[in-house]
Amino acid sequence: MGTIVRFAPSPTGRLHIGNIRTAVLNYLFALKSGGRFLLRLDDTDIERSTEAFAEGIRRDLAWLGFDISWQVRQSDRIARYDLVAERMKAAGLLYPCFESEDELERRRKRQMARGQPPIYDRASLRMSGDERARLEAEGRRPHWRFRLPNTESADQLVPLPTLVSWNDLIRGDQTVDIGSLSDPVLQRADGSYLYTFTSVVDDIELGITHVVRGADHITNTGVQIALFEALDAVPPAFAHHSLLVDGDGQALSKRLGALSIEGLREAGYEPMAVLSHAALVGTSDAIEPHASMETLAAAFDFAKISLAPGRFDASELEGLNARLLHTLEHVAVRDRLTALGVGGGEAFWLAVRGNLVKLADARMWWDIATGEVRPVVEDARLLSVAASLLPNEPWDTATWGAWTNAVKGATGAKGRALFHPLRLALTGRESGPELKTLLPFIGRERALARLSS
Ligand code: GLU
């Protein structure tokens, strides 16, 4: 059976670098194993889910280069969930409960006062048929809980430890004690379903073989494995990666706008720099820029993912972005350079790429080469000799060497005393691309004007 993974964001906000870590680990695993990748929109929370967020998620993933041609929305699958819920109700695996939130809260307080764990006491299971009929006659509608397959003590008040185990592909042997958990509500009184349930139904029906998600879902996994088994399905394999933290060690939250994919895109980062960071942070591999998902996939291995939280560091992303640009071929950026108004073809790209942090910086160098600059005069005498020795065009990369040699011969200046005044006059900047590659783009007319100003 081929590998099938899914990335299952809820469209209740925009994606951030932490979500992308989950997405890219799923994607790389699928790519490496020749499997399929599903984008599942978990939009059962109708109050908080919006089409605009769903569209934003698709746009972010497409920009990053994910193939999202296979998509499913949970809101389109309600009829499937109804069928499975009916089956579970008939089998007594889902049972109706009528307690209000207040009532449950009072009970939890009482349990804690008695030193008992505050878990649901299954009182509804012991309700008589008459009692239930009376509540229904009053118009009360039940919510439905999944009866966890845990063992109860004789007095039914304290569930006994009941371990659910799995071999996590990242964390090794894991156990969750479902005896310490309340029976989870899977369907609300208004008939809507909770994620714990819809996710398992989808994972079964869509043939998901591996669930790769954040470590915040570990307890869910204990409950969901019990649910897979209650539905006579073999649970998929699970891999729980550690969560990302920011520079201060705080968990990344959805509301951190700057770390949203949209924010990173607007800040001018390259998709592959973002993906390289998301895929390699918190692994035993060095965080290096990769130019394609394929090379990242070739390096992918669950065994390399560490248990400690990965640290997202914006300055590291900047460095990664720069290093990626420094190696990109012209074809990879040609259209975007044209859109930025940068000319000069491949030769200009090769001249400036080593000086870029963001692609848009190329426009600055194009303007410096071909637009107006305010020359800085450090050594007026040297500049006037240099102006008089400017060779005739055409110019190429050999022009700089021949010209500066002549200036050196005429003035005796060498090293920094020769090159620094020329750079300041020609570019108005202390540093930048090699002048031998930039000079042909500046051209004789502009060079003369800048040297003579
Ligand atoms: N919608 C869930 C979330 O965003 C999906 C978790 C999962 O992968 O099962 O947390």
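Residues numbered from 1 in each chain as written. Predicted model: local features only at pLDDT ≥ 70, side-chain atom pairs only at ≥ 80, totals over all residues. Heavy atoms only, no water.

All right, on to the packing of aromatic side chains then. Counted according to the given criterion, the structure contains 15 aromatic pairs. Relative to Phe66, the ring of Tyr27 has its centre 4.8 Å away and its plane inclined at 75 degrees; by these criteria the two rings are edge-to-face. Linking Tyr27 in helix α1 (residues 17–32) with Phe66 in the loop between α2 (51–64) and β3 (71–73), this pair joins segments that are 39 residues apart in sequence. Above the face of the Trp144 ring, Lys89 is positioned so that its terminal group lies 4.1 Å from the ring centre. Sitting above the plane of the Tyr120 ring, Arg145 keeps its charged end 3.8 Å from the centroid. (Phe/Tyr/Trp six-rings, centres within 6.5 Å; stacked < 30°, edge-to-face > 60°. Helix = DSSP H or I, 4+ residues; strand = E, 2+ residues; numbered from the N terminus. Lys NZ or Arg CZ within 6 Å of the ring centre and 35° of its normal.)

Here we come to unusual backbone geometry. Cis geometry is adopted by the peptide bond preceding Pro394, which originates at Glu393 and carries an omega value of 5 degrees. Take Pro394: it is sitting in the loop between α15 (380–388) and α16 (399–411). The phi dihedral of Arg122 falls on the positive side, at around 60 degrees, and the residue is not glycine. By secondary structure assignment, the location of Arg122 is in the loop between α4 (101–113) and α5 (129–137).

Let's shift gears to the site of the ligand. Surveying the vicinity of the ligand reveals the residues Arg6, Ala8, Ser10, Asp42, Tyr195, Ser199, Arg213 and His217. A distance of 2.7 Å is found between an oxygen atom of the ligand and a side-chain nitrogen or oxygen belonging to Arg6. In the model, a nitrogen atom of the ligand is placed 3.4 Å from a nitrogen or oxygen of the Ser10 side chain. Calculation on the ligand without its partners gives an accessible area of 300 Å², and the protein chains cover 78% of this total. Split into classes, the residues belonging to the shell around the ligand amount to two nonpolar, three polar and three charged. (Near = heavy atom within 4 Å. Polar contact = N/O pair within 3.5 Å; in protein donor to acceptor, adjacent residues only side chain to side chain. Areas by Shrake-Rupley, 256 points an atom, 1.4 Å probe, with all protein chains shown as cover. Nonpolar A, V, L, I, M, F, W, Y, C, P; charged D, E, K, R; others polar.)

For the coordinates displayed, the defined rule picks out 31 salt bridges. In this structure, Asp202 and Arg40 form a salt bridge, with 3.9 Å as the shortest nitrogen-oxygen distance. Of this pair, Asp202 sits in helix α6 (residues 195–205) while Arg40 sits in strand β2 (residues 36–41), placing them 162 residues apart in sequence. Accessibility classification places Asp202 together with Arg40 in one group, the buried group. Between Arg77 and Glu205 there is a salt bridge, with its nearest N and O atoms 3.0 Å apart. With a gap of 128 residues between them, Arg77 in the loop between β3 and α3 (78–90) and Glu205 in helix α6 connect regions that are remote in the sequence. On the basis of relative accessibility, which here comes to 13%, the residue Arg77 falls in the buried class. Taking the relative accessible area as the measure of exposure, Glu205 reaches 33% and is therefore partly exposed. Each of the salt bridges in this network shares a partner with another, and the network as a whole consists of Arg6, Arg40, Asp42, Arg77, Arg80, Asp202, Asp203 and Glu205. (Salt bridge = Lys/Arg side-chain N within 4 Å of Asp/Glu carboxyl O. Buried < 20%, exposed > 50% of the residue type's maximum accessible area, 1.4 Å probe, protein only.)

It is worth spelling out the pairing of strand β10 (residues 237–241) at this point. In terms of residue burial, β10 counts as a mostly covered element, since four of its five residues are buried. As paired strands, strand β9 (residues 210–214) and β10 are joined by five bridges and run parallel to one another. When the bridges of β10 are listed, Gly214 appears paired with His241. Between the parallel pair β9 and β10, the chain is carried across by helix α7 (residues 218–230), and the sense of this crossover is right-handed. (Pairing = 2+ DSSP bridges. Right-handed = clockwise from strand over helix to strand, strands pointing away.)

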